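# Structure at a glance
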Amino acid sequence: KMMLDGIYKALQSIILLAVVGILVGVWIDAGVVPSMIYYGLKILSPKIFLVAVVLICSITSLATGTSWGTMASMGVAFLGISYGMGLNPAITVGAVLSGAYFGDKMSPLSDTTNLAPAMAGTDVMTHVKFMMLPTGITYAICLIIFLVFGFTGVSGNADMSQAAELGEAIKGIFNVNPLLMLP
């Protein structure tokens with residue numbers, strides 16, 4: 001009975017992972033993630049790439065309330081862009097995680113942001129209000145660090161010819177269309 005109770009408690013997370021996996025699979029097959037990579041290679045500059053990753057992942061996670069969904073969709077796209085630009089993938093993953101977790105932590109739609117105040121006996125907005133200062137300071141420090149990485153070249157040596165080749169290969173395999181950015 002205890003094993004079944006444990007499985008039952010974890011079932012919500014397991015279902016969430018399955019749904020996120022299905023979403024990412026559909027987005028890749030439909031060309032959404034390849035379109036994000038293609039246009040990201042065209043638009044983003046290597047100097048501001050890491051800061052853009054943090055900001056875009058933050059907005060996505062704030063809007064959806066899921067860090068896992070953000071990492072599985074936007075993270076995959078940004079990792080593809082970083083490989084295309086010849087940037088360090090480990091630092092890119094750090095930027096994705098920083099943005100995704102910030103958005104998830106501050107989103108009133110997030111399960112953890114709702115669970116914590118419910119267990120503490122307060123409301124969600126009070127909980128978010130008290131998280132703003134420490135989370136905001138940490139977020140600002142992360143943005144500064146990723147900006148420094150971008151401008152000092154710590155993130156890698158950008159090779160835009162490699163990015164152009166990758167973009168053309170993606171366009172040859174997938175249906176690349178600006179409308180695919182809507183999801």
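For every chain, the first residue of the written sequence is number 1, and numbering continues from 1 onward in sequence order. Given that this is a predicted model, residues contribute local features only at a pLDDT of at least 70 and side-chain atom pairs are listed and counted only at 80 or more, while totals for whole chains, interfaces and linings are drawn from all residues. Just so you know, side-chain values use all the structure's heavy atoms and leave hydrogens and water out.

## As for the overall build of the protein chain
As a reminder of what qualifies: To qualify as a helix, a DSSP run of H or I must reach at least 4 residues; to qualify as a strand, a run of E must reach at least 2; elements of each kind are numbered from the N terminus. Partly exposed residues are those whose accessible area sits between 20% and 50% of the maximum for their type, while under 20% is buried and over 50% is exposed, using a 1.4 Å probe and protein chains only. Note on definitions: a residue-residue contact is assigned when non-hydrogen atoms from the two residues lie within 4.5 Å. In this description, accessible areas are obtained by the Shrake-Rupley approach with a 1.4 Å probe, and a residue is regarded as covered only by the protein chains that are shown. For the purpose of charge, His is not counted, nor are the chain termini; Lys and Arg are scored as positive and Asp and Glu as negative. By convention, the point assigned to a charge is CZ for Arg, NZ for Lys, CD for Glu and CG for Asp.
The secondary structure content of the protein chain amounts to 8 helices and 0 strands. Along the protein chain, helices (α) and strands (β) appear in the sequence α-α-α-α-α-α-α-α when read from the amino end. When the backbone C-alpha atoms are referred to their principal axes, the protein chain occupies close to 55 × 35 × 30 Å. Looking at the protein chain residue by residue over its 183 residues, the buried ones come to 37%. Partitioning the contacts of the protein chain with sequence separation of at least 6, the portion at a separation of at least 24 is 78%. Accessible area of the protein chain: about 10,300 Å², with a carbon and sulfur share of 74%. Counting 7 positive and 8 negative side-chain charges, the protein chain places the centres of these two groups 7 Å from one another.

## Digging into the side chain of T113
Convention followed: Polar contact is defined as a pair of N or O atoms within 3.5 Å, subject to the rule that within protein one atom must be able to donate a hydrogen and the other to accept it, and that residues adjacent in sequence are counted only when both atoms are side-chain atoms.
The topology assignment puts T113 in helix α6 (residues 111-120). A polar atom in the side chain of T113 sits 3.1 Å from the backbone oxygen of D104. Each residue touching T113, except ones within four places of it in the same chain, is listed here: D104, K105, M106, S107, V124, H127, V128 and M131.

## Some thoughts on the side chain of S110
Turning to its location among the elements, S110 is positioned in the loop between α5 (89-106) and α6. Relative accessible area serves as the criterion here: at 0%, S110 is assigned to the buried category. In this structure, S110 is in contact with G65 and D104, ignoring residues within four places of it in sequence.

## Description of the confidence of the model for the protein chain
The line we're drawing: Confidence of the predictor at the level of single residues is captured by pLDDT, which takes values from 0 to 100.
Across the protein chain, the average pLDDT comes to 85, with 94% of residues at or above 70. Confidence, read as mean pLDDT per element, is least for helix α1 (residues 2-30) in the protein chain (78) and greatest for α5 (93).

## Re the packing of helix α2 (residues 32-43) against helix α8 (residues 160-173)
Rules: Fitted lines through C-alpha atoms serve as axes, helices being fitted only where they are in contact, and the angles separating the N-to-C directions of these axes extend from 0 to 180 degrees. Take the far helix as the reference: if the near one is turned anticlockwise from it by less than a right angle, the crossing is left-handed, and if turned clockwise, right-handed. Classification used: nonpolar for Ala, Val, Leu, Ile, Met, Phe, Trp, Tyr, Cys and Pro, charged for Asp, Glu, Lys and Arg, polar for all others including Gly.
Relative to each other, α2 and α8 sit at 150°, their axes nearing to 9 Å. As for the relative orientation of α2 and α8, their crossing is left-handed in sense. Mapping the contact onto sequence places P34, I37, Y38, L41 and K42 in α2 and M160, A163, L166, G167, E168, I170 and K171 in α8. Among the residues making up the contact of α2 with α8, the classes are represented as 8 nonpolar, 1 polar and 3 charged.

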